[in-house]
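Structure assessment
Below are the chains, spelled out letter by letter.
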Amino acid sequence: MQFNAIQIATLLGGKIEGSPDAKVTHVAKIEEATEGAICFVANPKYEDYIYSTKASVVLVNDSLQLNGTVSPTLIKVPDAYISFALLLEKYTEMMTQNERKGIEQPSFVAPSATIGKDVYIGAFSYIGENSKIADGVRIYPGSYVGRNVTIGECTKIFAGVKIYDDCIIGNHTIIHSGTIVGGDGFGFAPQSNGEYKKIPQIGNVIIEDHVEIGANTTIDRATMGSTIVKSGVKLDNLIQIAHNVEIHENTVIAAQTGVSGSTKIGKNCLIGGQVGIVGHIHLADGTQINAQSGISKSIETQNLVLNGSPAFDYKTSLKSQAIFRHLPEMQQRIQKLEDLVSKLTEIISVSQNIDTGK
Amino acid sequence: MQFNAIQIATLLGGKIEGSPDAKVTHVAKIEEATEGAICFVANPKYEDYIYSTKASVVLVNDSLQLNGTVSPTLIKVPDAYISFALLLEKYTEMMTQNERKGIEQPSFVAPSATIGKDVYIGAFSYIGENSKIADGVRIYPGSYVGRNVTIGECTKIFAGVKIYDDCIIGNHTIIHSGTIVGGDGFGFAPQSNGEYKKIPQIGNVIIEDHVEIGANTTIDRATMGSTIVKSGVKLDNLIQIAHNVEIHENTVIAAQTGVSGSTKIGKNCLIGGQVGIVGHIHLADGTQINAQSGISKSIETQNLVLNGSPAFDYKTSLKSQAIFRHLPEMQQRIQKLEDLVSKLTEIISVSQNIDTGK
Amino acid sequence: MQFNAIQIATLLGGKIEGSPDAKVTHVAKIEEATEGAICFVANPKYEDYIYSTKASVVLVNDSLQLNGTVSPTLIKVPDAYISFALLLEKYTEMMTQNERKGIEQPSFVAPSATIGKDVYIGAFSYIGENSKIADGVRIYPGSYVGRNVTIGECTKIFAGVKIYDDCIIGNHTIIHSGTIVGGDGFGFAPQSNGEYKKIPQIGNVIIEDHVEIGANTTIDRATMGSTIVKSGVKLDNLIQIAHNVEIHENTVIAAQTGVSGSTKIGKNCLIGGQVGIVGHIHLADGTQINAQSGISKSIETQNLVLNGSPAFDYKTSLKSQAIFRHLPEMQQRIQKLEDLVSKLTEIISVSQNIDTGK
């Protein structure tokens, strides 16, 4: 990487303040930047670094008001975070010009499978019977694609992903290593002798376009029909998605969250890490759930913010949590009140000889 | 799939109401069924669908009382859920007549390993020295079976399962993709300099018969002796079972639950998702634990139902949780009481000149 | 294994009480020991077994005071737990004299990769371009090592580990099956149309020396710079470590815990299972966190012990949790106080005709 500020400003459509010739050799976080670095400030709490950084170029928001002199060249853009992401993307594109292509050996491709153009299939990967791999797909080493699976254009399957029979993956989707798509849903019928009988799981999983799924996440196939992850959904690592769940467009779920069977999650929801959601409920579009919460019933109103286990209104829950820390004092206050009231009652009943109901 | 109602009723031993010739081409959920579908109603809350469904055949419980006219042919059976499971099973049997068999290449089978009859070993699977694979076992691609491992008859190991040395898997057991059996237990001895010394983990894991284990679950080997999963146990995805744990017959555990070292879980327990159970305790047979609970001490009485973290009696805990949501109001009530009592105390001490202890 | 007590005492530098010729054929837990077993007692609650065990040899602490006659030979050492670990280590060394070595086929080693001496590379493992595998490294079957990866001396990578491009693993480190090192961090910029744009993750993961990582854990690569796991850290199974996290020396984290992006955890911390830690905070050295806790802000003071979600001081939190169980009674006490105070107020306002503010 060897650019100057004016090249980057042109690429991003930004406005330069400072030397247009400042040399950029690498990207860095502003708090760690050294000479030659380009970095960005979008969050106000990092603004102070602008006055002390050794970075050569800093991307900032148009709206930034300076309170002192700055040494790096600034490039002003409407949204510094977005522009920086764009820059990183260009950078990685350059770095990946030697992107993987071709079919490495040994790999296993069933004769009845269909393989598109410009595909990468890494060594030790397995493509089962009747599966269709579209143009531009990259399947990294040691992945398993069962029978009758469809993988759409330019989708990237990292090393060691396992996709069971009959599942459908869309276009421009990314699945990280170790994720399991289409394992059997957890369905068993109790028998009178205490044993359980397996309910065959004959549905599949459908993952649409521009989805990203992290590492070691599990998405179970439907008992019947489909478990569905709609376009634009982003799932982090180690998430559990049970059978017949549906997650609608552009919902984002953080790591280690679990969604139980047949629950439908709306669009544009934001769900924190280690959240648990029971089965057979529905969450309205725009629902936001704080980390470690437990959701035990449907949320019908859009854009609610929830917290706690069981979860309720975020702001109220923070108050309850704050009081929880002081329950020992609250208990003492009640004890003291009881003593006082008992004493008052005694005084009054003595002096007035009235039955106070005690 | 192409049957008529009478064939299915005969298969299931059910009684027909409506046309015995109704054609069935596929299975569906009653709320999504189209013409040609067979579906079932076992849960009363789905009964209303019977009057509006376009399904051709519906399995229902003998005990169902109709309140209107129905269009599909009904097949009455003692337990519609069980019968439907049976039907699905027959259906999947038919679909899997072309079940995988044989040893795909390339795969790795140590010369000292023993391979039974009618076994499937998928490409890129590894069978280590002295391991014994019984008749009818199916090991999907990319699985790893270490040394001295035993896998019993008709057990199914899905793609990418890893089984460490010396572990024993029973008969008719199913292990889903990405599950790790026999990794080292988490045991370290603290040293005086703050470092930790690894305690070698020289035990194994024993999984008995008719067990099903979901995807990406981890079951650690014992420090000494065995970590044991008894017959009929069902474990969901992403569960952590630590070293020297024992789980007894027909216990069911939902996803993302963790069981710490040396804990013994009784028979026929039902444990929800994201539960945490501390080490070195014992749970009595029939214990039921609600999702996200934390169990920090032994449960000696059978069939208790527990909730919360730390967990206690389910019904009481629901009351505490309900009050928790109203802690801010409770705090205000106490504040108001304090004000009132203070005022009363003042009035009385003024009027009667009595020390009220305030 | 066939030793006598004197040989073991010599190996461990211990002092014998009882027959120096007692024969040892295997190791066992004291509560399960049979003749020929060697076992240990370090925890006082297991001391009673010393008087009834059938073990042939028992390792005990120097400080142990006997209250009766014992049948096995005792070997007294300063720390029986440490000595037993040492013994197990020697035992496993003996058992692993036939340790795996050499490069099994088929495996994939890029021509530009560098492979040290005495290395084991299992079948179906993949070593990408420009990666460096140091002397004595053992990579079990079905593992994936991307491009430009460095793995230090004597490190052990179990079956099916996936290491993305550019990551660095130190010396004498152990990574268990199914763990994913270097998957993309979870970073997306929201767009005005509700979609999310991926932030390229161009950093890496650095894991230092003598680290042990359990099975199916995920450690994401940094957006820029490095996610860092320092020397001596021990991570259990199914843990999530997000991008740009740092975990400092000799910190121990139990299973299913999640650490969010950019958080720095100090040295010698002890973090329980299923803990959640938010992003962008710092935990001081020696912080101890109880299982299932949630940490939502930085901990500046060293050696604090925390509990709860959100977490606060351990001892206070236990009191709050105890009171939580009795919230229904507390509510009744408040109700009763309100009734009494209302009655008292009425009595006084009637008898004294005073406005009590009610």
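Residue positions within a chain follow its written sequence, with the count starting from 1. Note on labels: chains are lettered from A, ligands numbered from 1, in written order. Only residues with pLDDT of at least 70 are given local features in this predicted model, and only at 80 or more are side-chain atom pairs given and counted; all residues enter the totals for whole chains, interfaces and linings. Only hydrogens and water are removed before side-chain values are computed, so all heavy atoms of the structure are retained for them.

**With respect to the interface of chain C and chain B**
Quick note on the threshold: Note on contacts: a residue pair is in contact if any heavy atoms of the two residues lie within 4.5 Å. Accessible area that two parts lose when put together, evaluated with a 1.4 Å probe and summed over both, is termed the buried area. Only one rule defines a salt bridge in this text: a Lys or Arg side-chain nitrogen within 4 Å of an Asp or Glu carboxyl oxygen. Labels follow the DSSP assignment, with helices taken as runs of H or I lasting at least four residues and strands as runs of E lasting at least two, numbered in each case from the N terminus. Here the term charged refers only to Asp, Glu, Lys and Arg, the term nonpolar to Ala, Val, Leu, Ile, Met, Phe, Trp, Tyr, Cys and Pro, and the term polar to all other amino acids, Gly among them.
In this complex, chain C contributes 67 residues to the contact, which on the side of chain B involves 69 residues. When the two sides are added together, the surface that chain C and chain B hide from each other amounts to roughly 5,600 Å², 65% of it contributed by carbon and sulfur. Broken down residue by residue, the surface that chain C buries against chain B is led by Arg100, Phe124 and Arg325 of chain C, which jointly contribute 11%. Applying the counting criterion to the chain C and chain B interface returns 4 salt bridges. Across the pair Glu212 of chain C and Lys198 of chain B runs a salt bridge whose closest N-O atoms are separated by 2.8 Å. Broken down by secondary-structure element, the contributors of at least two residues to the side of chain C that touches chain B are helix H2 (80-95), strand E28 (234-235), strand E31 (252-253), helix H3 (314-324) and helix H4 (327-352) of chain C. For the side of chain C that touches chain B, the element with the most residues is H4 of chain C, which contributes 13 residues. Grouping the amino acids of the side of chain C that touches chain B by side-chain chemistry returns 36 nonpolar, 22 polar and 9 charged.

**A look at the packing of aromatic side chains**
The criterion, for reference: The aromatic pairing rule takes the rings of Phe, Tyr and Trp, using the six-membered ring of Trp, and pairs them if the centres are within 6.5 Å, calling planes under 30 degrees apart stacked, those over 60 edge-to-face and the rest tilted. Each residue's exposure class comes from its accessible area (1.4 Å probe, protein chains only) as a fraction of the maximum for that residue type: buried when under 20%, exposed when over 50%, partly exposed otherwise.
Counted according to the given criterion, the structure contains 36 aromatic pairs over all chains. Each ring, one from Tyr140 of chain B and one from Phe158 of chain B, has its centre 4.8 Å from the other, and the planes form 40°; the classification is tilted. Residue Tyr140 of chain B is located in the loop between strand E14 (138-139) and strand E15 (144-145), and its partner Phe158 of chain B is located in the loop between strand E17 (156-157) and strand E18 (162-163); the two are separated by 18 residues in the primary sequence. When sorted by exposure, Tyr140 of chain B lands in the same class as Phe158 of chain B, which is buried. By way of ring pairs, the aromatic residues Phe312 and Phe324 of chain A, Phe312 and Phe324 of chain B together with Phe312 and Phe324 of chain C are connected into one cluster.

**Considering the domain arrangement of chain A**
How we decide: How far each domain reaches was decided by an automatic or database domain assignment.
Per the domain assignment, the segments making up chain A are domain 1 (3-95), domain 2 (102-316) and domain 3 (326-358). The centre of domain 1 of chain A, based on its C-alpha atoms, is set 37 Å off from the matching centre of domain 2 of chain A.

**Description of the relation of the copies chain C and chain B**
Note the following rule: Superposing copies: least-squares fit, C-alpha atoms only, residues required to have pLDDT of at least 70 in both.
Laying chain C over chain B is done by rotating through 120° and shifting 0.0 Å along the axis; what remains is an RMSD of 0.1 Å. Read as a symmetry element, the transformation amounts to a three-fold axis. Ranked by how close their C-alpha atoms come to the rotation axis, the residues of chain C are headed by Phe124 of chain C, at 3.5 Å.

**Some remarks on the pattern of salt bridges**
What the rule picks out here adds up to 30 salt bridges over all chains. For the salt bridge of Arg147 of chain A with Glu129 of chain A, the shortest nitrogen-to-oxygen distance reads 3.9 Å. Of this pair, Arg147 of chain A sits in the loop between strand E15 (144-145) and strand E16 (150-151) while Glu129 of chain A sits in the loop between strand E12 (126-127) and strand E13 (132-133), and the two are 18 residues apart along the sequence. The class for Arg147 of chain A is buried, based on a relative accessible area of 16%. Ionic contacts of the salt-bridge type, sharing partners, join the residues Asp184 and Lys198 of chain A together with Glu212 of chain B into one network.

**Focus on unusual backbone geometry**
Note the cis peptide between Gln105 of chain A and Pro106 of chain A, where omega equals -5°. Residue placement: Pro106 of chain A occurs in the loop between strand E8 (102-103) and strand E9 (108-109). In this model, His210 of chain B sits at a positive phi of 55°, which is unusual for a non-glycine residue. Relative to the elements of secondary structure, His210 of chain B occurs in the loop between strand E24 (204-207) and strand E25 (212-213). Backbone geometry at Gln274 of chain C places phi at a positive 60°, although glycine is not the residue there. Positionally, Gln274 of chain C belongs in the loop between strand E34 (270-271) and strand E35 (276-277). What makes Gln274 of chain C buried here is its relative accessible area of 11%.

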